[in-house]
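Coordinate inspection notes
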Amino acid sequence: MAIDTTSFGSAIASARKELELSQKEVAKKIRKEDGETITPQYLNDIEHDRRSPSSDHIVKQFASVLKIPADILYWLAGRVPGDVTNRTVSPEQIEKAYAVFRKTIKGK
């Protein structure tokens, strides 16, 4: 699947279209923490980068429904996954992790 990774919203929109789903169909499948579904207008706002996902739960829901790896969506949303942030990490570990990440991204 070709995903537009220019922004979180672009990734959501391109994946939704690739799967031939309407905004209404996707909105019915995305549930907030309280169990309520998101509205098509909320999804439209996300796809046009007027809103960001409100929680890790929403990011994971989009990943599952649209078959996009969650880590890609976290990156595009500018978020760090909860399983990483809920840990005690030393400054040295953080620096080392970002150094490896930068090296991988730059391809050097």
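What comes next concerns the included structure. (Residues numbered from 1 in each chain as written. Predicted model: local features only at pLDDT ≥ 70, side-chain atom pairs only at ≥ 80, totals over all residues. Heavy atoms only, no water.)

1. Regarding the packing of helix 1 (residues 8-18) against helix 5 (residues 70-77)
For the record, the criterion: Lines are fitted to the C-alpha atoms to define the axes, a helix being fitted only along its stretch in contact, and any angle between axes, read from their N-to-C directions, falls within 0 to 180 degrees. Counting from the N terminus, the helices are DSSP H or I runs at least four residues long and the strands are E runs at least two residues long. Angle categories: roughly parallel below 35 degrees, roughly antiparallel above 145, roughly perpendicular from 65 to 115, and oblique for all the rest. Whether two residues are in contact is decided by their heavy atoms, any of which lying within 4.5 Å being enough. Residues are grouped as follows: Ala, Val, Leu, Ile, Met, Phe, Trp, Tyr, Cys and Pro are nonpolar; Asp, Glu, Lys and Arg are charged; all remaining types, including Gly, are polar.
Two elements in contact, helix 1 and helix 5, have axes whose closest approach is 8 Å; the angle formed by their N-to-C orientations is 140°. The angle between helix 1 and helix 5 falls in the class oblique. Within the contact between the two elements, helix 1 uses F8, A11 and I12 and helix 5 uses L73, L76 and A77. In the contact of helix 1 with helix 5, the residues fall into six nonpolar, no polar and no charged.

2. What about the layout of surface pockets?
Defined as follows: Here a cavity means grid points, on a 1 Å grid over the protein atoms only, where a 1.4 Å probe fits yet cannot get out; a pocket means an open set of points with protein on both sides within 12 Å along at least five of seven lines; lining residues are those with an atom within 4 Å of a point. Grid points are joined across faces, edges and corners, and a volume is the space filled by probe spheres set on the points.
Of the volumes computed, that of the largest pocket is approximately 570 Å³. Looking at the largest pocket, it is lined by 16 residues, and the ones nearest its centre are V80, P81, V84, A97 and Y98. The set of elements that each furnish at least two residues to the lining of the largest pocket consists of helix 5, helix 6 (82-85) and helix 7 (91-106). With five residues, helix 7 is the single largest residue contributor to the lining of the largest pocket. Of the residues that constitute the lining of the largest pocket, the class distribution is ten nonpolar, two polar and four charged.

3. Here's the deal with the pattern of salt bridges
For clarity, the cut-off: Just to be clear on terms, a salt bridge is a Lys or Arg side-chain nitrogen sitting within 4 Å of an Asp or Glu carboxyl oxygen. Each residue is assigned to one of three classes by its accessible area relative to the maximum for its type, calculated with a 1.4 Å probe on protein chains only: buried under 20%, partly exposed between the two thresholds, exposed over 50%.
By the definition in use, this model includes three salt bridges. A salt bridge links D56 to R79; its shortest N-O distance comes to 3.5 Å. Residue D56 is found in helix 4 (residues 56-66), and its partner R79 is found in the loop between helix 5 and helix 6; the two are separated by 23 residues along the sequence. Accessibility expressed as a relative area gives 22% for D56, which makes it partly exposed. A residue is classified by how much of its surface remains accessible, and R79, at 27% relative accessible area, is partly exposed.

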